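Structural description and commentary
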Amino acid sequence: MVEKQNNIYWRLVDITSHYLGPAAERFIDRQVQNHLNKDPKKITQKDVEKLMDWIRGAVSLLTDNENLVEDYIGELKKLSKDKISRGTDRK
Amino acid sequence: MSVVKLTPMRWFVILLLIATVLALALPPDPATLKLYHISTTTYRVIIALLLIPEALLWYACFFAYSKLLEYSRYLGGSKEHRAFKKITLGMGVLAYGLILPTIVSLLLSILSHHSESFKPSATIITNYISLLVVLISFSVLRGGTQILIESSRSIKRPSLRGLRMFALLFTVLAVFFTYATIHTHHLSNNAYRLSLVPLMLTIIIPYLYAWFEGLVCVYNFRLYSIYVKGVLYKKAFFGLSVGLLLTVIASIAMEFITSTIGARKDEPLGFVVLVLYIIIAIFLAGLGMMALGTKKLKKIEEV
């Protein structure tokens with residue numbers, strides 16, 4: 001089934017998967033639901049900005065490597081400021 | 001009235017208590033006392049000392065199993081869920097399967113005390129239970145790792161060089177095990193108490209098949225840990241993958257020693273015990289790494 005999905009959400013999952021692999025989607029869903037109380041698939045660039053501190057805190061619990069955490073946050077910052085197309089087809 | 005939930009760790013405590021009570025309370029075999037020139041008290045002290053490393057091993061296996069069980073609960077609905085459910089089941093069979101043959105063997109020894117002719121049957125029953133445990137647990141673990149690598153699109157097919165190395169390693173293992181078991185069989189009354197044909201058909205071939213499954217399982221896990229995405233995930237998964245490698249290798253080595261023990265009569269007992277302790281240490285290290293790796297993976301699902 002092909003359905004219209006939020007491009008921001010999938011880009012966020014894609015960035016996160018470079019750090020958390022197959023756990024990325026579950027991690028993002030948890031962060032959005034717990035801290036923003038909304039449907040993860042409906043997040044916006046503003047939401048990504050709001051999530052950054054929560055994500056930094058969560059990932060810092062998983063590693064002592066600060067450079068790695070900053071790299072990840074840097075990519076999220078870029079995502080929150082990028083010009084993004086409104087939607088994309090995804091299987 | 002509240003019902004106490006029987007978690008794997010509680011099962012471990014129950015089964016350990018049963019094994020300890022049976023091992024220490026059952027009267028020793030007079031033939032054994034006569035053979036080693038020891039008193040009943042010395043016999044019980046030796047049994048207690050032998051139980052300590054075994055109990056540690058059982059604990060480590062149940063701990064790794066309980067960590068995998070907790071982790072797989074977090075994966076509900078994901079692609080890896082089915083794979084980890086099977087891997088957890090395989091570890092569960094291994095955990096219960098390490099302790100149950102000991103309990104069965106102790107229970108059967110009660111019958112052996114009453115009837116000397118039952119001794120070979122007791123040995124055969126215990127050996128087949130141990131074989132079934134390895135066969136089922138390695139097959140289920142392999143099935144789980146197969147699902148895991150099939151769920152990842154990034155995993156490439158194994159290279160021909162890798163397959164050749166694998167084939168060479170397994171052939172060497174198969175030849176040595178077959179030679180050592182048959183050689184022991186000719187030298188003495190073998191540990192399995194079976195004649196040559198049943199020994200080959202019902203012990204050697206099933207063990208070699210189980211080990212093949214175990215080695216494929218390790219290979220699949222290694223492949224997945226190389227190709228899976230995620231710096232932090234990879235790091236956590238590495239522990240699990242190396243832990244499984246050590247567990248499978250130690251399990252194979254342990255059986256190898258057991259099946260060829262008859263041929264080691266001339267070697268000093270201290271040497272054989274030392275080798276067994278080294279294997280148990282590798283087993284423990286493997287299970288510990290598995291538990292730690294799983295703990296790290298679980299943490300990713302908790303933050």
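Let us look at the structure shown here. (Residues numbered from 1 in each chain as written. Chains lettered and ligands numbered in written order. Predicted model: local features only at pLDDT ≥ 70, side-chain atom pairs only at ≥ 80, totals over all residues. Heavy atoms only, no water.)

1. A few points about the overall build of chain A
- Per the secondary structure count, chain A includes 4 helices and 2 strands.
- Starting at the N terminus and ending at the C terminus, chain A contains elements arranged as β-α-α-α-α-β.
- Across the 91 residues that make up chain A, the buried fraction comes to 46%.
- Restricting the contact set of chain A to residue pairs at least 6 apart, pairs at least 24 apart contribute 64%.
- For chain A, the exposed surface amounts to about 5400 Å²; the carbon and sulfur share of it is 45%. (Helix = DSSP H or I, 4+ residues; strand = E, 2+ residues; numbered from the N terminus. Buried < 20%, exposed > 50% of the residue type's maximum accessible area, 1.4 Å probe, protein only. Contact = heavy atoms within 4.5 Å. Areas by Shrake-Rupley, 256 points an atom, 1.4 Å probe, with all protein chains shown as cover.)

2. Some remarks on a nonpolar patch on the surface
- A cluster of nonpolar side chains, B:L6, B:W11, B:I14 and B:I18, forms an exposed patch at the surface whose accessible area comes to about 310 Å².
- Structurally, B:W11 can be placed in helix α1 (residues 8-25). (Patch = residues over 30% accessible without salt bridge, like charges linked within 9 Å, V, L, I, M, F, W, Y side chains within 5 Å. Salt bridge = Lys/Arg side-chain N within 4 Å of Asp/Glu carboxyl O.)

3. Observations regarding the pattern of salt bridges
- Taken as a whole and judged by the stated rule, the model has 11 salt bridges over all chains.
- Across the pair A:D47 and A:K38 runs a salt bridge, and its minimum N-O distance is 2.6 Å.
- Classification of A:D47 as buried rests on a relative accessible area of 5%.
- Its relative accessible area of 28% is what places A:K38 among the partly exposed residues.
- Here B:E213 makes a salt bridge to B:R142, at a shortest N to O gap of 3.0 Å. Residue B:E213 is located in helix α7 (residues 196-227), and its partner B:R142 is located in helix α5 (residues 119-151); the two are separated by 71 residues in the primary sequence.
- B:E213 gets classed as buried once you look at its relative accessible area, which sits at 5%.
- Taking the relative accessible area as the measure of exposure, B:R142 reaches 22% and is therefore partly exposed.

4. Observations regarding the environment of B:A191
Residue and element names in this part refer to chain B.
- With respect to the helices and strands, the residue A191 is situated in the loop between α6 (160-187) and α7.
- Separated by 68 residues in the primary sequence, A191 and S259 place their C-alpha atoms 5.9 Å from one another.
- When residues no more than four places from it in sequence are discounted, the contact partners of A191 are T123, N127 and T258.

5. A few points about the packing of helix α4 (residues 79-114) of chain B against α5(B)
- As a packed pair, α4(B) and α5(B) sit with axes 7 Å apart at the nearest point and diverge in direction by 175°. The angle between α4(B) and α5(B) places the two elements in the roughly antiparallel class. (Axes fitted to C-alpha atoms, helices over the stretch in contact; angles between N-to-C directions. Parallel < 35°, antiparallel > 145°, perpendicular 65-115°, else oblique.)

6. Quick notes on unusual backbone geometry
Residues and elements named next belong to chain A.
- In the Ramachandran plot, N37 falls in the positive-phi region, its phi being about 50° despite a non-glycine side chain.
- Mapping N37 onto the fold places it in the loop between α2 (24-36) and α3 (45-60).
- Relative accessible area serves as the criterion here: at 67%, N37 is assigned to the exposed category.

7. So, the environment of B:K229
- You can see B:K229 is positioned in the loop between α7 and α8 (231-259).
- Not counting chain neighbours up to four residues away, the residues in contact with B:K229 comprise A:D14, A:S17, A:H18, A:G21 and A:P22.
- Among the polar contacts made by the side chain of B:K229, one reaches the side chain of A:D14 at a distance of 3.5 Å.
- Within the local environment of B:K229, its side chain forms a polar contact with the side chain of A:S17, the two groups lying 3.2 Å apart. (Polar contact = N/O pair within 3.5 Å; in protein donor to acceptor, adjacent residues only side chain to side chain.)

8. Observations concerning α2(A)
- Between its first and last C-alpha, α2(A) extends 17 Å over 13 residues, near the 18 Å set by a 1.5 Å rise per residue.
- A:N37, located one to two residues past α2(A), shows a positive phi value of around 50°. (Expected span 1.5 Å × (residues − 1).)

9. A short note on the packing of aromatic side chains
Residue and element names in this part refer to chain B.
- Under the criterion given, the structure shown has 19 aromatic pairs over all chains.
- Consider the rings of Y59 and F63, whose centres lie 5.9 Å apart with planes at 10°: the pair is stacked. With a gap of 4 residues between them, Y59 and F63 both fall in helix α3 (residues 40-74), about one helical turn apart.
- According to the relative accessible area criterion, Y59 is partly exposed, its value standing at 38%.
- F63 sits in the partly exposed class, given a relative accessible area of 27%.
- A ring pair is formed by F166 and Y219, whose centres lie 5.9 Å apart and whose planes are at 50°; its orientation type is tilted. Linking F166 in helix α6 with Y219 in helix α7, this pair joins segments that are 53 residues apart in sequence.
- Taken together, the ring pairs in this structure connect W11, F12, Y59, F62, F63, Y65 and Y96 into an aromatic cluster. (Phe/Tyr/Trp six-rings, centres within 6.5 Å; stacked < 30°, edge-to-face > 60°.)

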